[in-house]
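Below, each chain spelled out in residue letters.
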Amino acid sequence: MTLLQVRDLHVEFRTRDGVARAVNGVSWSVEAGETLAVLGESGSGKSVTAQAVMGILDVPPGRITGGQVLFEGRDLLTLPDEERRRIRGARMAMIFQDALSALNPVLTVGYQLGEMFRVHQGLSRREAKARAVELMDRVRIPAAKARVDDFPHQFSGGMRQRIMIAMALALEPDLIIADEPTTALDVTVQAQVMELLADLQREFNMGLILITHDLGVVADVADKIAVMYAGRIVETAPVKELYRAPAHPYTKGLLDSIPRLDQKGHQLNAIQGMPPNLLRIPPGCAYNPRCPMARETCRAAEPPLYDVAARRASACHFWKEMCHAG
Ligand SMILES: Nc1ncnc2c1ncn2[C@@H]1O[C@H](COP(=O)(O)OP(=O)(O)OP(=O)(O)O)[C@@H](O)[C@H]1O
Ligand code: SF4
Ligand SMILES: [Mg+2]
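Residues numbered from 1 in each chain as written. Chains lettered and ligands numbered in written order. Predicted model: local features only at pLDDT ≥ 70, side-chain atom pairs only at ≥ 80, totals over all residues.

Enquirer: Any chance you could break down the site of ligand 1 for me, citing the residues and the numbers?
Expert: Near ligand 1 you find 16 residues, and of these Ala-22, Ser-42, Gly-43, Ser-47 and Val-48 are the closest. Every element with two or more residues in the shell around ligand 1 is listed here: β1 (4–15), β2 (18–30) and α1 (46–54). Top element by residues in the shell around ligand 1 is α1. It accounts for three residues. Residue classes in the shell around ligand 1 are distributed as six nonpolar, eight polar and two charged. (Near = placed C-beta within 6 Å. Helix = DSSP H or I, 4+ residues; strand = E, 2+ residues; numbered from the N terminus. Nonpolar A, V, L, I, M, F, W, Y, C, P; charged D, E, K, R; others polar.)

Enquirer: Give me the lowdown on the sheet that holds strand β7 (residues 175–179), citing residues and values where you can.
Expert: The mixed open sheet is built from eight strands, whose spatial order is β6-β7-β8-β3-β9-β10-β12-β11. Each edge of the open sheet carries a strand with a single partner, namely β6 (92–95) and β11 (306–309). With direction set aside, neighbouring strand axes in the sheet form an average angle of 20 degrees. α1 contacts β3 (35–39), β6, β7, β8 (207–212) and β9 (224–229) of the sheet and is inclined by roughly 150 degrees relative to β7. (Pairing = 2+ DSSP bridges. Axes fitted to C-alpha atoms, helices over the stretch in contact; angles between N-to-C directions. Contact = placed C-beta atoms within 7 Å.)

Enquirer: Give a detailed account of the sheet that holds β1, specifying residues and quantitative values.
Expert: Taking strand neighbours across the sheet as the criterion, the four strands line up as β2-β1-β4-β5 in an open arrangement whose pairing is antiparallel. Unpaired on one side and paired on the other, β2 and β5 (74–75) mark the two borders of the sheet.

Enquirer: With reference to specific residues and values, describe the site of ligand 2.
Expert: Residues in contact with ligand 2 amount to 13 residues; listed here are only the nearest, Cys-285, Asn-288, Cys-291, Cys-298 and Cys-316. Taken together, the residues of the shell around ligand 2 break down into 10 nonpolar, three polar and no charged.

Enquirer: Explain the domain arrangement of the protein chain to me, and be specific about the residues and the numbers.
Expert: Domain annotation of the protein chain identifies domain 1 (4–91 + 175–261 + 269–325) and domain 2 (102–172). When each unit is reduced to the centre of its C-alpha atoms, the spacing between domain 1 and domain 2 is 30 Å. With 14 residues of domain 1 at the interface, the matching set in domain 2 holds 12 residues. Every element with two or more residues in the side of domain 1 that touches domain 2 is listed here: α2 (81–90) and α8 (187–204). (Domains from an automatic or database assignment.)

Enquirer: Please set out the packing of helix α4 (residues 109–121) against helix α5 (residues 125–138) residue by residue, giving values where relevant.
Expert: The geometry of α4 relative to α5 is characterised by a closest axis approach of 8 Å and an angle of 115 degrees between their N-to-C directions. Viewed along their axes, α4 and α5 form a crossing whose handedness is right-handed. Residues Gly-110, Leu-113, Gly-114, Phe-117 and Arg-118 of α4 form the contact with α5, whose participating residues are Arg-125, Ala-128, Lys-129, Arg-131, Ala-132 and Leu-135. Across the contact of α4 with α5, the residue classes tally to five nonpolar, two polar and four charged. (Left-handed = near helix turned anticlockwise from the far one by under 90°.)

Enquirer: Could you give me a rundown of unusual backbone geometry, with the residues and numbers involved?
Expert: Geometrically, the link from Val-59 to Pro-60 is a cis peptide bond, its omega value of -20 degrees lying close to zero. Checked against the element boundaries, Pro-60 lands in the loop between α1 and β4 (62–71). Note that the residue after Pro-60, namely Pro-61, is joined by a cis bond; omega there is 10 degrees. Mapped onto the elements, Pro-61 comes out in the loop between α1 and β4. One non-glycine residue with positive phi stands out, namely Asp-8, at about 50 degrees. Relative to the elements of secondary structure, Asp-8 occurs in strand β1. Asp-8 gets classed as exposed once you count the C-beta atoms within 10 Å, which come to 12. (Buried ≥ 20, exposed ≤ 12 C-beta atoms within 10 Å, placed from the backbone.)

Enquirer: Lay out the environment of Ala-32 in plain terms, naming residues and giving numbers.
Expert: As for its placement among the helices and strands, Ala-32 is situated in the loop between β2 and β3. Using a count of 15 C-beta atoms within 10 Å as the deciding quantity, one classes Ala-32 as partly exposed. Here the alpha-carbon distance between Ala-32 and Leu-175, two residues 143 residues apart in the chain, equals 7.7 Å. What Ala-32 contacts, discounting residues up to four positions off in sequence, is Leu-3, Asp-174, Asn-205 and Gly-207.

This is how it looks when you write it as structure tokens:
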């Protein structure tokens, strides 16, 4: 059975200026042992989707107005609160971008890691601390035994992010959602943390949802990609196929704006214009004001997600042209 399947999810925010449609019919799925990367510019609805899945959406102003979040076939959105909390605590975990604000500054990391075992498994303080050291070893924090009584600020950014990963792994969840887990780190540390996450995911056969705005980060670790724009999925594909031949102009724009080592000095082709205001998403294809291929049809009709090939879909009226151009 599919581990997690999001079906036609809609989330909106009621603000003073009107209703912001942050998520407009998103569907994707992830299997055990699989990594799905969710990609898109700032404001495209990646985090809001994750929050709705995890049950940590700000309600109000947020509101889930439609769809399903099926965890092993059961819709989390209609489960009783108690049951939902149980699944969220033990079977799903989330890793955030900013470890420093997610960790408590006045408690040692050993205490915070151990708390998972004390609260959820009723272990004694001593046992819990021993497990905390094990976890720190597992996420390759050097000298774990000596450092278990240190406070979060005594660790580097990369090491803190490892502690966050350890915290997420503590109860051996079936699914981890990592929201920009490496964005705050410098590039070499980013790669190490990403590699660690990928290794652990394989070892535990977890489903991993990796949210990022950086296509470069996901190439080596993701199995498949869902590209979001203005709260919709505009393209889904296995990662290699998407890189080889994007079937949506927005994906192509993202790919063209990745800095490449072999083209040092070349000008990057950043996507023109700004992401749309979610209070006033353009009619037709939301990408049309920025799209180099836009024409009349694009302003008149919203493209559905067309099947392009097995396991591939694109929400562009002219996906065939895209594929032939590639
Ligand atoms: N608490 C909130 N109140 C009002 N609107 C919100 C709130 N949280 C999110 N939104 C709206 O939802 C949109 C999508 O936000 P989201 O955080 O999902 O973007 P994102 O794709 O994760 O971007 P980023 O890459 O910057 O993290 C925002 O642009 C905003 O309009
Ligand atoms: S539907 Fe039109 S505007 Fe939208 S991505 Fe395709 S060509 Fe561009
Ligand atoms: Mg976000």
